[in-house]
Amino acid sequence: MFAGGTARLVLSNGGDAPLELTVEPWAEIHSILPKQSCVVVTHSPAGGGSWPGTSRADEPFEVDHRPDSVTVWANGNCFHLSDAEGNAIYALDGECPVQGRPAS
């Protein structure tokens, strides 16, 4: 069972063209189609409860938005993406706590 914190960030594309989504720190690139949403989820460590890699320990995400793209720094043990209905799009770490295995 995962004892750390979980944070969710919902990104929506209200435009008429695909929006490029880059999730760091591994430069994973995805597209958010017009009128669709994507959810980025990250998990804090079980022990410390802070978010590694942030300028402030209480901020799980950092976001840089440009007209045709958005970059999200997911600060935690791992991240994964889903659509607005919760269907998995991508899971970077096969040992991510959401998948029932302890984070490495």
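Predicted model only: the values in this text are computed from it and were never measured.

What follows covers the sheet that holds strand E6 (residues 69–74). The strand order E3-E2-E6-E5 describes an open sheet built from four strands, whose pairing is mixed. The open sheet has two edge strands, strand E3 (28–32) and strand E5 (61–66), and neither has a second partner. Between one strand axis and the next, the sheet turns by 20° as a mean value, whatever way the strands run. In terms of strand pairing, strand E2 (residues 19–24) meets E3 through five bridges, oriented antiparallel.

Note on soluble globular proteins: their nonpolar side chains tend to be buried together. Grouped together as the largest cluster of nonpolar side chains are 15 residues, with contacts concentrated most on Leu11, Leu21, Val40, Phe61, Val72 and Leu81. Of all the elements in the fold, those that place two or more residues in this core are strand E1 (6–12), E2, strand E4 (37–43), E6 and strand E7 (79–83).

Attention shifts here to the pairing of E5. Relative to E6, E5 runs antiparallel, the two sharing six bridges. By the bridge assignment, phenylalanine 61 is partnered in E6 with alanine 74.

The backbone of lysine 35 sits at a positive phi, close to 65°, despite the residue not being glycine. Mapped onto the elements of the fold, lysine 35 is located in the loop between E3 and E4. The exposure class assigned to lysine 35 is exposed, which follows from its relative accessible area of 60%.

With that out of the way, let us pick up the pattern of salt bridges. In the structure shown here, the tally under the stated rule is two salt bridges. Between arginine 66 and aspartate 64 there is a salt bridge; the shortest N-O distance is 2.8 Å.

Another point: the side chain of threonine 71. Checked against the element boundaries, threonine 71 lands in strand E6. By relative accessible area, which is 13% here, threonine 71 ends up buried. Polar contacts involving the side chain of threonine 71 include one to the side chain of arginine 66, which spans 2.9 Å. Residue contacts for threonine 71: discarding those within four places in its chain leaves Thr22, Glu24, Glu62, Val63, Asp64 and Arg66.

Here is what the cut-offs are and how they apply
- Residues numbered from 1 in each chain as written.
- Predicted model: local features only at pLDDT ≥ 70, side-chain atom pairs only at ≥ 80, totals over all residues.
- Heavy atoms only, no water.
- Pairing = 2+ DSSP bridges.
- Helix = DSSP H or I, 4+ residues; strand = E, 2+ residues; numbered from the N terminus.
- Axes fitted to C-alpha atoms, helices over the stretch in contact; angles between N-to-C directions.
- Core = buried A, V, L, I, M, F, W, Y, C linked by side-chain atoms within 4.5 Å.
- Buried < 20%, exposed > 50% of the residue type's maximum accessible area, 1.4 Å probe, protein only.
- Salt bridge = Lys/Arg side-chain N within 4 Å of Asp/Glu carboxyl O.
- Polar contact = N/O pair within 3.5 Å; in protein donor to acceptor, adjacent residues only side chain to side chain.
- Contact = heavy atoms within 4.5 Å.

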